[in-house]
Each structure stands twice: as structure tokens, then as C-alpha cells.
Amino acid sequence: MRSVFKVTIGILAISLISGCALFSLRPGWKLVERSQKKKPDWVTREKEADEKFLYFSGMRTEARRLEDGESDAVKNAARKIVEYFGQEGIILYEKKRTEIETELLDQVKFKGAAAVRAAKLQEMYYEKWQSTTKDRVRFSYDVYVLIRYPIKELEKEKAAQRKKAIELTKGALALSQNARRALAQGRVRESISQYAKALDFLSRVSILVEISPEVNNETLKAKIRSDLEGIISKMKTEGKGSGQEAIVKKPLRQPLILEVSYQEKEKPIPVRGLPVSFEFVKGEGSLRTLTRTNNNGVASCRVWRVDSSLKPNVIEGRIDIRRLLGKKKDEEIDKTLLKLAGLKERYTFNSYLPREKKVFLVKVIERNLKEKVTPSLVQGEIEKWLIDDDYQLKKKGEITDSQAREILRGNKTLIQNLGRELGFDVLVIGQARTEYMGSTIPMYGKEMEFVPCCRASVSIKVMEAQSGRMIASVSEGRIKEFGRTKEEAGEKALKKAGEKISQSLLNQLDPLF
């Protein structure tokens, strides 16, 4: 019984190895064609090098067309050649791999007729598989290629690439020396650029090469990175322009500023010529995305339009490393240079939807020590604050003091008539007065003579012209100021009261309009 079991296992094993159809390694598929009767040994085991050539195999399984399988198998072998070169310490470029692929694909196309310099297609083997279902019959191909590469060509390539590595390292050394001279002369951006080019040169050197007993590519790279870190650690940024307010679809009033300086000893040096990018990180809008620092190390960004009503919007300004280095988005940047990305500033500002276009009229009856104030101090402050906050004011037309008193006593018809006659929608109306508080103050148990003091009291109502109803009110009654005379003290108290009550008034108006 045991011997029968052994025989059965042996038959199954033989069928697996040979690919015969006792059962398929690919369920639902059967082998229907081979390019030769026996599968070559190099398909399952890499062919060893001889005195003249290295051998590389490539494969592509389950290709829909034989031509696609041949092409992909060749590319797979070309990659192996490139990887082997890498293991041998040779600098390789994408161009080299493409070169080898092109040579081999020409051979596939012309079946060996094309003359090539190095890699050559030695042999090709394929298997055709079939899958049959009720709906259709499908085919796929497993393709294998054997490539040979001359050992002499490898040695020639090694020598050429070592020579190139030495040239690159010498070039990097010269660039680093230029960078140090530029920094000593205060040309910080140029110094960074020279160091960056030197690192770019060294990134293309994958073997250890010496250009003097003291200098090789690895020690040079470490020194350049150390110098760069020293420069970056002394660079500072300062942002200006945060805290503004904007109306949606309107620009910011002031530009955003990013200043970059290099802190050399006690005197900062402006870093000029640095590319700087600005972008919204919260909110949306249109702005000048790219600029450069000027001779004072200042980059300026105009925000032409704010499209979102957020509190706050956030814009970030940073040194644009890729523009500085001339790198494309998919190109790597040395980890030390990436630290420049930490030199950035954030700007925050609030934005609001445009106010409803209501026309405002302001009327304040003002008395300073019972005398009429001309021009009006409190009224002037309120009008200024409303204009600054984007409210539309009626420029022509006036309400008399007697009419104002009638409205304050509750005459709705009068405000409705005046609204139609003068053309306003909202009336800000009120009274302001001052009283003399004296010129002495208690001190050390005595009344000490001091400068005159006055106290201002203000009350303001906001009236809707169409209905005549009051929609808001504010008041302030403890504003004291001193002056050389009683009149001066009163005027100063009124102006201060006007500033304070304007802030309170806007806090009530903003939710309404």
C-alpha cells in the first residue's frame, strides 16, 4: 500500500514539473502550445556567467498577446541588468535602461537581425494557454527571454562611470567653495543655490570615489549638509498683514508681507531673490501666488479677491524650494534642503458677505456744557466708523434738532416721512452732553487743585425708516476727560465717548445687516 502511494505521488510530481495535463497549475486553463518541446533550463534556473558573458533572464506571464509578452519580458530582463550594474557600484540613469530596452526590442522585432553594441537576445521561449467557457475561448501567453551581456562591456562601463563620478565630485567641491564665498559676501540665496547644485551632483554618485587623500564624495556631502544646516538655522521669517477684514468678492486692503533675513552676528542681512509662494490653506480666493523677495528681503502678496465668508481665512506664505532649486514636482530634494520648508508664515483674516445696501443717516444733538457743538464730535465719530465698516451713508440732507427731539419722543410718522423725503432707510439718532466735574480732587485728606474735568453722556437709538420702529440702542455715561479749560475737557470727553459708543453700535448692527 505504501509503495502504491509513493508511485502516485511521484506521478503527480512529474506532471507538475512537466506541465502535462493530469491537472493544471492554473485552474481553468490548459497548455495548448509551446515554442519548443522542452522547457529550457534557464527558465527555472539562472544561467551562470562564462568567460565572456553575463546572462539575465526576463519573464512575463498571462500576457493577452504574444507581442506584449515579448516586450514585457525584455523590459524585465533590462531591469535586471540595470540592477546588477547597481550592485557592482555603477552609476545608472534612466537613459541607460531605456537604451538597453530599445536594443533588445529591436532584436525581438527583427528576430536577431539588428546589430547591437552590448546586450543581445540569446533565446526566447513561450507557452500558450487556453481557457474555454460557455461564452468564449480565451488565450494567454507566458514568455521568457534569455539575454547575454559582454563582461568587457561591463568593465568599460565601470571605468567610464568611475571617471564620471570623479568629475561630479570635483564639480561639487568647486560649487561648495563658490557657495562659501557667496555667503561671506552676504549673497545668501546664491550660496544656498550653489550648495544645492553640489548636492545634486553628489546624488548622482553611487560609489565611493576620492579626489584627494582628505576628500571623497561622502565626506564632502556631509560637510555641505552641515554648512546648509548652519545657514538655514540663522534664517528668520516675519509675516505682516494678519488681522485684516475683507468683504466677499472684494480684495484685502493691505498686501501680505513675508520678510526673510539671515542673522549674521548682530546685524540681520536681507535675503533677496528668494522665490516665495502664497496659497489659501483655509478659505478660497484669488491672489498673487508666486513672487520673490526684493533687495530688502521682502516678498509682497496682493489678495485680489476673497471668495469665502470665513472667520478666519488662512493664507500661508513659504519659501518655494522647488522654484529655488529648479526642480520638477516628481524630483526628489535633499533632506537638508527640505528644512527650508519650515521657513513660513501664516496670515489670518475674517471675511464677510457684502452688507445689505441700506442707506444710513446719522443725527446726534450735542451740547458741551449746554453749548451747541459745531462741528459735531460724536456724530462725526459714528459716521467715520460706519464708513470704515462698509456701511452706506446719506451724504445730502439733514434733520433739525427739533425734528430729532420729536423722533426721540416716539413720532413714527415723522421718521417715515423724513425717510421718504431725504432717501434713507435707517436713522442713527441720539443725544450727547457733558457736565463739569470740577478741578479739584481729594488727595492726602485735602482737596487738591487740578486741571478741569468733564464727563460725557451719550445715548443712541437706531430707527427703521419704513416702519418707524427702534431696532437697536446703546448708551454710555461715564466718560471722563481733563483739559486746560472746561470747554477743552468737554470736547475731549465727547470725542472719547463717540469712539467708544461707535464700537458698541457696530457690535449691534453687524448681526442685523
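Refer to the structure printed above.
Basis of the calculations
Residues numbered from 1 in each chain as written. Predicted model: local features only at pLDDT ≥ 70, side-chain atom pairs only at ≥ 80, totals over all residues. Heavy atoms only, no water. Phe/Tyr/Trp six-rings, centres within 6.5 Å; stacked < 30°, edge-to-face > 60°. Helix = DSSP H or I, 4+ residues; strand = E, 2+ residues; numbered from the N terminus. Buried < 20%, exposed > 50% of the residue type's maximum accessible area, 1.4 Å probe, protein only. Axes fitted to C-alpha atoms, helices over the stretch in contact; angles between N-to-C directions. Parallel < 35°, antiparallel > 145°, perpendicular 65-115°, else oblique. Left-handed = near helix turned anticlockwise from the far one by under 90°. Contact = heavy atoms within 4.5 Å. Pairing = 2+ DSSP bridges.

Caption draft 1: Structural detail: the packing of aromatic side chains. For the structure shown, the criterion picks out eight aromatic pairs. Each ring, one from phenylalanine 280 and one from phenylalanine 349, has its centre 6.5 Å from the other, and the planes form 70°; the classification is edge-to-face. Within this pair, whereas phenylalanine 280 is found in strand S9 (residues 275–282), its partner phenylalanine 349 is found in strand S15 (residues 344–352), the two being separated by 69 residues in sequence. What makes phenylalanine 280 buried here is its relative accessible area of 16%.

Caption draft 2: Broad picture of the packing of helix H5 (residues 151–184) against helix H6 (residues 188–203). Direction vectors running N to C along H5 and H6 enclose 165°, while the axes themselves pass 8 Å from each other. The angle between the axes of H5 and H6 places the two elements in the roughly antiparallel class. For H5 against H6, the interelement crossing comes out left-handed. Taken together, the residues of H6 that come into contact with H5 (itself represented by Leu168, Thr169, Gly171, Ala172, Leu175, Ser176, Asn178, Ala179, Arg180, Ala182 and Leu183) are Val188, Glu190, Ser191, Gln194, Tyr195, Lys197, Ala198, Phe201 and Leu202.

Caption draft 3: Representation of the sheet that holds strand S1 (residues 30–34) within the structure. Strand order in this open sheet of four strands is S1-S3-S4-S2, and the pairing throughout is antiparallel. Strands with a single pairing partner mark the edges of an open sheet, and in this sheet they are S1 and strand S2 (53–63). This sheet shows a mean twist of 20° between the axes of neighbouring strands, independent of strand direction. Sheet analysis places strand S3 (residues 120–132) next to strand S4 (residues 137–150), joined by 12 bridges and oriented antiparallel. Bridge assignment links tyrosine 126 to a residue of S4, and that residue is valine 143.

Caption draft 4: Region of the structure containing the environment of valine 281. Note that valine 281 resides in strand S9. Residue classification places valine 281 among the partly exposed positions, given a relative accessible area of 39%. Sequence-wise, valine 281 and proline 150 are 131 residues apart; in three dimensions their C-alpha atoms are separated by 56 Å. Beyond its immediate sequence surroundings of up to four residues, valine 281 is in contact with Val314, Ile315, Glu316 and Arg346.

Caption draft 5: Summary view of the environment of alanine 299. Looking at where alanine 299 falls in the secondary structure, it is placed in strand S12 (residues 298–301). Residues alanine 299 and isoleucine 319, spaced 20 residues apart in sequence, show a C-alpha to C-alpha distance of 9.9 Å. Here alanine 299 is in contact with Leu256, Ile257, Leu258, Val276, Phe278, Thr291, Arg292 and Thr293, once residues within four sequence places are set aside.

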